[in-house]
Amino acid sequence: MKLFTVALLAALLFVVAAPGDAETVRIAAQKTGTFAWELAVIRSHGLDKQADLTIETQELASPEAGKIALRAGTADIIVSDWLWVSRERSLGAKLTFYPYSSALGAVMVPNASAIRSLADLKGHKLAVAGGPIDKSWLLLRASLKKDGIDLKTDSTLVYGAPPLLAEKTAGGEMDANLNYWNFCAALEAKGFRRLADVADILPKLGAKGRTAMVGYVFDEGWAGAHPDLLARFIATTRAAKEILSSSDAEWETIAPLTGAKDAATLHAYRDRYREGIPRRPIADEEADARTLYRVLASIGGRELVGPAAELESGTFHHAIAGD
């Protein structure tokens, strides 16, 4: 069925593509990010050509560089989260968001650790990737606060860069590590245990399903001026996702891009990536985002979300066929 879906998507791309010169969409993406994996699949399978697209890619060193490129008008599409989009909208920018992935981080512990529940983190050293206003960390804190536990005061916290904290955790310097999903997958391949996925705590905070926190971000004026171009680009990414969802051989092809050092790590990347492919209606995604935004605003404050207490109207883009 998945292979049939890929074939059908490819056929649809061919049908909707207008004849003539290929239209160009400018992408700013991290060279080592998961978006680069999809773009590689698009190129290798000719999905861009089938959609009559030319995809120009700027390879960047960090997510912040992508935000700068988008705001400067040198990129049409980047990958970021709806928190940033809502904040930018509250400050006057007309950016909008379309779901890319619901893959979130997890709390990882050594397999032999005596820590068996999130409550057991009290009194232990917890490494937190991304800093004190990282959204996964705030969601974890908010969830445990419902049980009367505040890890900010009940545990020893170490903030730092994701790769550094993953390395220190693997070396035994940390009791537990809340990290981004790809670093968690790498730890998992080394025998670490997932104490809890951030996605698993979202229902406790009011979400109805796996919520895509990360998405394609673009200016709504650009989207309004190029609706067919955007629709074809989204269709190509859907087709690439379906290929990565159904073909294990494709993962062997893109293995060098993932940085996986062994088969176990590559397989962990594959499985967690697949779990994060969004398959829900946009309306459901937006409803959960609104709920989680309130949680994040209450615990992260203006430093995280800016002046808006609610998710800004227009944060989610609704004009893609199939939504």
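Computed from a predicted structure; not experimentally measured.

Trainee: Just to check I follow, could you spell out the sheet that holds strand β10 (residues 214-219) for this structure?
Mentor: In spatial order, the strands read β3-β10-β4; together these three strands make up an open sheet with antiparallel pairing. In this open sheet, the two edge strands, each paired with only one partner strand, are β3 (78-81) and β4 (95-101). Put simply, the sheet's adjacent strands are angled 45 degrees from each other on average, direction ignored. As paired strands, β3 and β10 are joined by four bridges and run antiparallel to one another. Note that in β10 the partner of V79 across the bridge is Y216. Lying over the sheet, helix α4 (residues 63-72) contacts β3, β4 and β10, oriented at roughly 115 degrees with respect to β3.

Trainee: Explanation requested: the packing of aromatic side chains in the structure shown.
Mentor: The description of two aromatic rings rests on the distance between their centres and on the angle between their planes. As enumerated under the stated definition, the model contains 12 aromatic pairs in all. Here Y100 and Y216 contribute two aromatic rings whose centre-to-centre distance is 5.2 Å and whose plane-to-plane angle is 75 degrees, an arrangement assigned as edge-to-face. Highlighted residues: Y100 in strand β4 and Y216 in strand β10, separated in sequence by 116 residues. This pair shows no difference in class: Y100 is buried, exactly as Y216 is. Through a chain of ring-to-ring contacts, three or more aromatic side chains come together here, namely W37, W181, W251, Y269 and Y273.

Trainee: What is the right way to read helix α14 (residues 263-275) from this model?
Mentor: Within an α-helix, residues lying three or four positions from one another point in the same direction, as the helix has 3.6 residues per turn. With 13 residues, α14 ought to run about 18 Å at 1.5 Å a step, and its terminal C-alpha atoms sit 18 Å apart, in line with that. Every buried residue of α14 is accounted for by T265, L266, A268, Y269, R270, R272, Y273 and R274. Of the surrounding secondary structure, the elements contacted by the buried residues of α14 are α2 (34-44), α9 (181-189), β9 (193-197), α12 (227-246) and α13 (248-258). The residue sitting at the N-terminus of α14 and contributing the capping side-chain oxygen is D262; that oxygen lies 3.3 Å from the backbone nitrogen of A264.

Trainee: For this particular structure, what's the right way to read the nonpolar core?
Mentor: Here is a general trend for soluble globular proteins: nonpolar side chains tend to be buried in one another's company. W82, L139 and F233 are the most contacted members of the largest nonpolar core, which has 92 residues in total. Counting residues per element, this core draws most heavily on helix α15 (residues 282-305), which supplies 10 residues. Beyond its immediate stretch of four places on either side in the chain, F233 contacts V25, I27, F35, L53, I55, I77 and Y216. Counting residues in hydrophobic clusters, the runner-up holds five residues, among them A106, M108, L187 and F192.

Trainee: Whenever I open this one, the packing of α13 against α14 confuses me. Can you help?
Mentor: It is the contact of α13 with α14, at a shortest axis distance of 10 Å, that shows an interaxial angle of 110 degrees. Compared by their axis directions, α13 and α14 come out roughly perpendicular. Every pair of crossing elements has a handedness; the one defined by α13 and α14 is right-handed. Taken together, the residues of α14 that come into contact with α13 (itself represented by D248, W251, E252, A255 and T258) are L266, H267, Y269, R270, Y273 and R274.

Quick notes on the rules
- Residues numbered from 1 in each chain as written.
- Predicted model: local features only at pLDDT ≥ 70, side-chain atom pairs only at ≥ 80, totals over all residues.
- Heavy atoms only, no water.
- Pairing = 2+ DSSP bridges.
- Helix = DSSP H or I, 4+ residues; strand = E, 2+ residues; numbered from the N terminus.
- Axes fitted to C-alpha atoms, helices over the stretch in contact; angles between N-to-C directions.
- Contact = heavy atoms within 4.5 Å.
- Phe/Tyr/Trp six-rings, centres within 6.5 Å; stacked < 30°, edge-to-face > 60°.
- Buried < 20%, exposed > 50% of the residue type's maximum accessible area, 1.4 Å probe, protein only.
- Expected span 1.5 Å × (residues − 1).
- Polar contact = N/O pair within 3.5 Å; in protein donor to acceptor, adjacent residues only side chain to side chain.
- Core = buried A, V, L, I, M, F, W, Y, C linked by side-chain atoms within 4.5 Å.
- Parallel < 35°, antiparallel > 145°, perpendicular 65-115°, else oblique.
- Left-handed = near helix turned anticlockwise from the far one by under 90°.

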